[in-house]
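Residue-level structure breakdown
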Amino acid sequence: MKTSDSQPYQAAGRVFLVGAGPGDPELLTLRAVRLLQRADVVVYDNLVPIQIMDFVPPSAERIYAGKRRNEHTMRQEQINTLLIKLASEGKQVVRLKGGDPFIFGRGGEELQALAAHGVAFEVIPGVTAASGVSSYSGIPLTHRDYAQSCVFVTGHLKNGTADLDWPCMVRPNQTVVIYMGLGGLAEICRELVLHGAPATRPVAVVQEGSLATQKVVTGTLADIAERVSHAKLKSPCLTIVGEVVNLHHELAWFNPQTACQEPRLAVV
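Now for a description of the structure that goes with this document. Predicted model only: the values in this text are computed from it and were never measured. (Residues numbered from 1 in each chain as written. Predicted model: local features only at pLDDT ≥ 70, side-chain atom pairs only at ≥ 80, totals over all residues. Heavy atoms only, no water.)

**A look at a nonpolar patch on the surface**
There is a patch of nonpolar side chains on the surface, built from F104, F152 and M180 and spanning about 260 Å² of accessible area. Secondary-structure assignment places F152 in strand β8 (residues 149-154). Residue classification places F152 among the partly exposed positions, given a relative accessible area of 33%. (Patch = residues over 30% accessible without salt bridge, like charges linked within 9 Å, V, L, I, M, F, W, Y side chains within 5 Å. Areas by Shrake-Rupley, 256 points an atom, 1.4 Å probe, with all protein chains shown as cover. Salt bridge = Lys/Arg side-chain N within 4 Å of Asp/Glu carboxyl O. Helix = DSSP H or I, 4+ residues; strand = E, 2+ residues; numbered from the N terminus. Buried < 20%, exposed > 50% of the residue type's maximum accessible area, 1.4 Å probe, protein only.)

**Examining the sheet that holds strand β12 (residues 237-241)**
Strand order in the open sheet formed by five strands is β8-β9-β12-β10-β11, and the pairing between neighbours is mixed. The open sheet has two edge strands with one neighbour each: β8 and β11 (215-220). Looking at each pair of strands side by side, their axes are set apart by 20° on average, direction ignored. Sheet topology note: the strand β10 (residues 202-207)/β11 ladder contains six bridges and is antiparallel. When the bridges of β11 are listed, Q207 appears paired with K215. In the packing of helix α5 (residues 129-136) onto the sheet, the strands contacted are β8, β9 (174-179), β10 and β12, and the crossing angle to β12 comes to about 80°. (Pairing = 2+ DSSP bridges. Axes fitted to C-alpha atoms, helices over the stretch in contact; angles between N-to-C directions. Contact = heavy atoms within 4.5 Å.)

**Details of the packing of helix α7 (residues 185-194) against helix α8 (residues 224-231)**
Two elements in contact, α7 and α8, have axes whose closest approach is 9 Å; the angle formed by their N-to-C orientations is 165°. Judged on the interaxial angle alone, α8 and α7 are roughly antiparallel. In this structure, the crossing between α7 and α8 has a hand that is right-handed. On the side of α7, the interface is formed by L185, A186 and C189, while α8 contributes I224, A225 and V228. Across the contact of α7 with α8, the residue classes tally to six nonpolar, no polar and no charged. (Parallel < 35°, antiparallel > 145°, perpendicular 65-115°, else oblique. Left-handed = near helix turned anticlockwise from the far one by under 90°. Nonpolar A, V, L, I, M, F, W, Y, C, P; charged D, E, K, R; others polar.)

**Observations regarding the pairing of strand β7 (residues 120-124)**
Of all five residues that make up β7, four are buried, and the element is covered over most of its length. Relative to β7, strand β1 (residues 14-19) is paired through five bridges, and the arrangement is parallel. Note on β7: the bridge partner recorded for L17 is V123.

Shown next, in the form of structure tokens:
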């Protein structure tokens, strides 16, 4: 099921599972751009910015399969069936996902369905939100003085219940990155404190990281939920918990106000 850049497309259909990165089109890999420009069909998610879709040629079919909280355009099973159908028609299909498709992107589930039906596929990794958003926020995920490990978790709690590994998340000298945690932020903070984290532990919540609309709100486990509410942040957001957040004001380099004025990657 593997191919290389030097090999031409085969007549049979193929699905390319492509990571779109955290938002900034210039964080796309070169391979991702090339595949978008020669795709027959692009099946894309809610977290893919319109600027990235500009790389898709007018001749390609575009199918939106986005998911928002409690609002799914397509169920996962429908997406799996769609990818199989398109590939069986001999099409070159780009399945485009925000961030990296193997980190909270259900990419593994989709490839399992393809493999079960004998559909050829490739995976093109993307810059995951944890590294992309933290970099654009000036918050290193590890630092010799503050954090020697980093944990990625999803804050999308099932049925409103807190089912995360709290003892793991409260360890000192560690950074915790929480995907999709905005809706349960207050509960997550309460649970972390209840399980032993100091209420003064720094927290940052970043909205639309790496884009010109990026916003960063910092605080502590005790007050970040209130600060985020006051700032009226909306999804997509990423939450970073740990002492490294204190470096934000010193290391923040990205200026959203001037980002859109810089020369950008040309669409060809």
